[in-house]
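Each chain, written out:
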Amino acid sequence: MSTESYIRRPNRPLQVYAIIFLIALYIPILFLPLFSFNDSIYVSFPLTGFTLQWYEELFQREPVWAALMNSVKVGAATAVLATTLGIFAAKAITKYRLPGQNAIVAFIMLPLVVPGIIFGVALLVLMSSLGVTLSLYTVAVGHVIICLPFAIATLIPRFEGLDPSLEEASADLGENAWHTFWRVTLPVVWPGILASLLLTFTVSFDEFIMAFFLTGTEPTLPMYIWGQLRFPQQFPSVLALSSMIIAVSFVIVFLGQWINRDAHISTVRK
Amino acid sequence: MTNTNVTLNDAAVGAPPVRRRGKFAGMLQRSETLRGFFLLSPTLVVMTIGIVIPFAILITMSLWTAIGFGFDTTLTTANYETALEQPVYGALMHRSLVISGWATVATVLLSYPMAYYVAFHVHKNKMMWIVLMTLPFWTSYLLRVFAWKVVLGYEGVINSGLLWAGLIDAPLEFLLYSQQAVVITLAHSWVAFAILPIYVSLEKIDRSLLEAATDLGDGPVARFFRITLPLSMPGVIAASFLIFIPTTGDYITPALLGGPDGMMIGNLIQLQFGPVNNWPMGASLAIGLMLYISAIGLVFLALTKVFKERMA
Amino acid sequence: MSKDAFISIRNVDKYFGKFQAIDNVSMDIGHGEFFSLLGASGCGKTTLLRMLAGFENPSKGEIYIDGQPMSEVPPHHRPVNMVFQSYAIFPHLNARDNIAYGLRRQKLTKQARADKVDEMLDLIALPGYGDRAANELSGGQRQRIALARALILKPKVLLLDEPLGALDKQLREQMQLELRALQRQVGITFVFVTHDQEEALTLSDRVAVMSAGTVLQMDTPSGLYEAPKTRQVASFIGTMNFFEAQVKSTNGAMMNIEAQGLGNLQLPRGERHFNEGEAVQVAIRPEKLRLTDDKPEGDGQMVQGQLRNSSYLGERSHFYVAIDGVDRPVAVSAQNRTRFAPDPTDERPVWLNWSDDAIVVLGKD
């Protein structure tokens, strides 16, 4: 303890606060899995007993599987598209000083702050005036728009950490831009790309509001859950489904953040 | 390093032939700006299709009028006039600003000590703490709001828990379907947006400034208010901006937890595009919300500028 | 373009926005020459090197390598290779793959490629290091890998951007010797950028001293040191004492100069012609001045002064001597040939003398 400097010496109340904060952050979410194993149709205390029946029931429901597949399809397409676009954009933003660059970045980052409902209705209006039937494709378009900021925010620190002389060295050793990208840029920024793929997949997989306005006849998983929320007797199975979604999301996001952890540290240090 | 007999006198032989390039490739070679925009162009095209064009259409549609299932495409500001005249729209807008204002204040106040703790008192595994605090943010917003419905519900975790423990005789009704429920849920959901910018601005503070303040006679409290807090204000402003703007137009939380009293502008917009089926009115409300947000955005921008200038 | 120039830089300007980094530079570099670009940071030396590599294009003018104009040739088609200041060792590849990086286009068999890499590892005295990961290599090893990676492609010109700057002093001196030996062995043109004048003098056949985007002087190391053409070059390379002076008269190959503090000097007129009455500067290196306590024998050039202070540097000592009519004390450097005994009476009258060829006459610039 005495090895810490004066400024950094431990602060007990703050430490307690931090722990309470973390617990409060997770507790509400943890009630979902807790009650999903409860042997009662009512989501309330006292707990009546342990059961897996809600999960079993879930596995036999066709619509759940269909919705899951829809979400996976949209999520995968969104992740690949948003990350690919993000790679080009992050590369351009970090390597070149472009006129109006700040405005362009702010523009790309807009979906991060502007309420999703505005983008949702705007895209809905676009699709209807173009006569496009709402489908998983329209959902994916919406998701690419809102995932791009995440992809770019994840990729930019990686590209900033890329020593520009590495690419110059490759050009100097005889490789053109294309091969330089494949042989040098991509392998070096790979953790960022993987993280971007995982994070944008999760964002799309869990996204509700765009899907709410842009889904056609095939619902994504969050849309399916939304539909079930009207029926209180469905609560236990929704809890089971939610628990699984949250567990999977946590794992994917944690993996993504972990793969990319050194980029975080370097951004903060700047 | 010269024990071997390798020589490279035949240097010129193995060199690749000198080649000239095509016109466009040559231009790309020469102009950095062109190369940069070339790389950005796919993203810009997608953003144009996904944001610029939809907004243009949305603005146009807000000037139309709904007739049955079709539109009268004569341009008129009637929708905006209605929105300004009928008190219900203004009231909802006002309520949205109040609710998200409270949610913003609560989130920032609760998150600041946490960010401070990680920035100054966590030495090992900082990354782990940050991931832990932001992890829930990445997972389904819908499900997090749903979790609060489970917690606050009439027969939910709190009520049934308190009943079971014998602390109350009847369920507390104010928990669900109230503005408080919306504020609590919003604050919980947007914590990551507060912690990250505040943490970054705290981490950037040069530790020797704090030592200097101590050296010049400040105790921990004076030091915090005279040095740490002012220097972290950009983070606080950014956090407020990042929470206030999106929560103003939130749909899910008021829809699931607000009840009639907790309804916000987002729900009204959805109503116009859904059950009411008055798209032009919905478009006007969306544009109105957008204008509100832009105005608030400008205020935050000005605040940031003031703070940055004061520190420069 | 002169006939035997291997690299020819013709009237090159380079602007970055409004900032002019290179101002009308022309130079010729011969085949097999070890050529250095020397100057303080921001003088344009690295920009010039990067234009040779193709990472920047001249705003005006043209660069020829082996007779070919280069402005339309992208970096990956140029017959030059570069050793980067940061070495730019690819972090995801091991030493072997780093060295073999540029061989992909040559479509060699696996065996032929491995043989070439081994040859290179021998050349840089790192045999058996091929499987080292990039982050397991020390600074000196990274530098050698960067060299091998460039040389394996048999470039016509090797460009080196302060490659020794990141190394500590001892390793740097060793690498200087090895670099010079390697250049003789492979026999190709080296263009070397450095801000370290000692390094430039040690390594180079010729050096271009640059400042503010222009070339101040291009010469052999001894030419630069012994016969600097401007005060800027004279003071950038080594230490120099300057004296205000005026040409009194000229007489055939000789001229008579009146220098403040040094008195009347009879000097050969040299390459540059000064007119009678012209204000000039007289310069002399500290080690070319001899310091004695007693008045030297003979009637050579000499002046009396007051020793102000001295500093002991081991193999030599520095003395600072005040002379009447000169603002700053004159620096004198002397080898400590005999065992140095500190003299408590630092302030004492001393004599300085020099031979005529020690003096350099510079224009008033």
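Preceding this section is the structure that the text describes.
What counts as what
- Residues numbered from 1 in each chain as written.
- Chains lettered and ligands numbered in written order.
- Predicted model: local features only at pLDDT ≥ 70, side-chain atom pairs only at ≥ 80, totals over all residues.
- Heavy atoms only, no water.
- Helix = DSSP H or I, 4+ residues; strand = E, 2+ residues; numbered from the N terminus.
- Buried < 20%, exposed > 50% of the residue type's maximum accessible area, 1.4 Å probe, protein only.
- Contact = heavy atoms within 4.5 Å.
- Areas by Shrake-Rupley, 256 points an atom, 1.4 Å probe, with all protein chains shown as cover.
- Lys, Arg positive; Asp, Glu negative; His and termini not counted.
- Charge placed at Lys NZ, Arg CZ, Asp CG, Glu CD.
- Pairing = 2+ DSSP bridges.
- Axes fitted to C-alpha atoms, helices over the stretch in contact; angles between N-to-C directions.
- Salt bridge = Lys/Arg side-chain N within 4 Å of Asp/Glu carboxyl O.
- Patch = residues over 30% accessible without salt bridge, like charges linked within 9 Å, V, L, I, M, F, W, Y side chains within 5 Å.
- Buried area = accessible area lost by both parts, 1.4 Å probe.
- Polar contact = N/O pair within 3.5 Å; in protein donor to acceptor, adjacent residues only side chain to side chain.
- Nonpolar A, V, L, I, M, F, W, Y, C, P; charged D, E, K, R; others polar.

Engineer: Explanation requested: the overall build of chain C in the structure shown.
Structural biologist: Looking only at helices and strands, chain C features eight helices and 20 strands. Principal axes of the C-alpha set define a box for chain C whose edges measure 75 × 50 × 35 Å. A buried classification covers 50% of the 365 residues belonging to chain C. In chain C, the proportion of contacts linking residues at least 24 apart, taken out of those at least 6 apart, comes to 64%. When the accessible surface of chain C is totalled, it reaches about 16,600 Å², and 47% of it is carbon and sulfur. Across chain C, the 42 positively charged side chains and the 46 negatively charged ones have centroids separated by 7 Å.

Engineer: Can you help me understand the sheet that holds strand β17 (residues 316-322) of chain C in this one?
Structural biologist: The pairing of strands in a sheet comes from backbone hydrogen bonds and takes either a parallel or an antiparallel form. Residue and element names in this part refer to chain C. One open sheet accounts for five strands, arranged β15-β19-β16-β17-β18; its pairing is antiparallel. Because the sheet does not close on itself, it has two edges, and the strands there are β15 (290-292) and β18 (330-335). The mean inter-strand angle of the sheet, taken between neighbouring strand axes irrespective of direction, is 45 degrees.

Engineer: Got a minute to help me understand unusual backbone geometry in this structure?
Structural biologist: Of note, B:Asn277 is a non-glycine position whose phi angle comes to about 60 degrees, a positive value. Within the secondary structure, B:Asn277 is located in the loop between α14 (265-273) and α15 (279-311). Overall, the relative accessible area of 29% leaves B:Asn277 in the partly exposed class. If you check the backbone angles, C:Ala125 has positive phi at about 60 degrees while not being a glycine. If you trace the backbone, C:Ala125 turns up in the loop between α3 (110-123) and α4 (139-151).

Engineer: Could you clarify how one ought to interpret the side chain of C:Arg78 in this entry?
Structural biologist: All names here are of chain C. As for its position among the elements, Arg78 is in the loop between β5 (68-69) and β6 (80-83). Comment: no salt bridge for buried Arg78; closest opposite-charge side chain is Glu62, at 6.7 Å. Look past the residues within four positions of Arg78 in its chain and what remains in contact with it is Met51, Leu52, Ala53, Gly54, Asn57, Met70, Ser71 and Val73.

Engineer: Please clarify how the side chain of A:Ser242 should be interpreted in this entry.
Structural biologist: Position of A:Ser242 relative to the elements: it lies in helix α11 (residues 235-259). In this structure A:Ser242 touches A:Leu32, A:Ile225, B:Leu143 and B:Phe146, once residues within four positions along its chain are discounted.

Engineer: Just to check I follow, could you spell out the pairing of strand β20 (residues 360-363) of chain C for this structure?
Structural biologist: For a regular strand, side-chain orientation follows a simple rule: the groups alternate between the two sheet faces. Residue and element names in this part refer to chain C. Neither face of β20 is left uncovered, since the one carrying Val360 and Leu362 and the one carrying Val361 and Gly363 both have all their residues buried. Relative to β20, strand β14 (residues 279-284) runs antiparallel, the two sharing four bridges. The partner of Ala283 across the bridge, within β20, is Val360.

Engineer: Even after reading the chapter, I still don't get the environment of B:Gly274, so can you show me in this structure?
Structural biologist: Following the sequence through the fold, B:Gly274 ends up in the loop between α14 and α15. C-alpha separation for the pair B:Gly274 and B:Ile243, spaced 31 residues apart in sequence, amounts to 27 Å.

Engineer: Whenever I open this one, the pattern of salt bridges confuses me. Can you help?
Structural biologist: Opposite charge on two side chains allows them to pair when their charged atoms are near. Residue and element names in this part refer to chain C. Counted according to the given criterion, the structure contains 22 salt bridges over all chains. Among the salt bridges present, the one from Arg10 reaches Asp28, with a minimum N-O distance of 3.4 Å. Linking Arg10 in strand β1 (residues 5-16) with Asp28 in strand β2 (residues 19-30), this pair joins segments that are 18 residues apart in sequence. Judged by relative accessible area, which is 22%, Arg10 ranks as partly exposed.

Engineer: Please clarify how a nonpolar patch on the surface should be interpreted in this entry.
Structural biologist: Side chains of B:Val45, B:Ile49, B:Val52 and B:Ile53 sit close together on the surface and give an oily, nonpolar patch of about 310 Å² of accessible area. With respect to the helices and strands, B:Ile53 occurs in helix α3 (residues 32-62).

Engineer: Honestly, the interface of chain A and chain B in this entry has me stumped. Any pointers?
Structural biologist: When the parts of a complex come together, some accessible area is lost, and that lost area is often used as the size of the interface. Each partner contributes residues to the interface: chain A has 88 residues there, and chain B has 92 residues. Of the roughly 8,200 Å² buried where chain A meets chain B, counting both sides, 82% is carbon and sulfur surface. In this assembly, chain A and chain B are joined by zero salt bridges. Across the contact surface, chain A and chain B share six residue pairs in polar contact (both at pLDDT 80 or more). When residues of the side of chain A that touches chain B are assigned to their parent elements, the largest contribution, 14 residues, is made by helix α1 (residues 12-36) of chain A. In terms of residue class, the side of chain A that touches chain B is made up of 70 nonpolar, ten polar and eight charged.

Engineer: Would you take a moment to explain the interface of chain A and chain C for this structure?
Structural biologist: Across the boundary between the two partners, chain A contributes 18 residues, which contact 22 residues of chain C. Regarding the contact of chain A and chain C, the summed buried area is about 1,800 Å², with carbon and sulfur atoms giving 58% of it. Counting the surface chain A buries against chain C, the share from its top three residues, A:Asp172, A:Leu173 and A:Arg183, is 39%. At the junction of chain A with chain C, the criterion picks out two salt bridges. In this structure, C:Arg104 engages A:Glu175 in a salt bridge whose closest nitrogen and oxygen atoms are separated by 2.5 Å. If you look at where chain A meets chain C, you find twelve residue pairs in polar contact (both at pLDDT 80 or more). Counting only elements with at least two residues in the side of chain A that touches chain C, the list comes to α7 (164-172) and α8 (177-206) of chain A. It is α7(A) that contributes the most residues to the side of chain A that touches chain C, seven residues altogether. Across the side of chain A that touches chain C, the residue classes break down as seven nonpolar, six polar and five charged.

Everything listed here is a matter of coordinates, which is why it stays silent on function.
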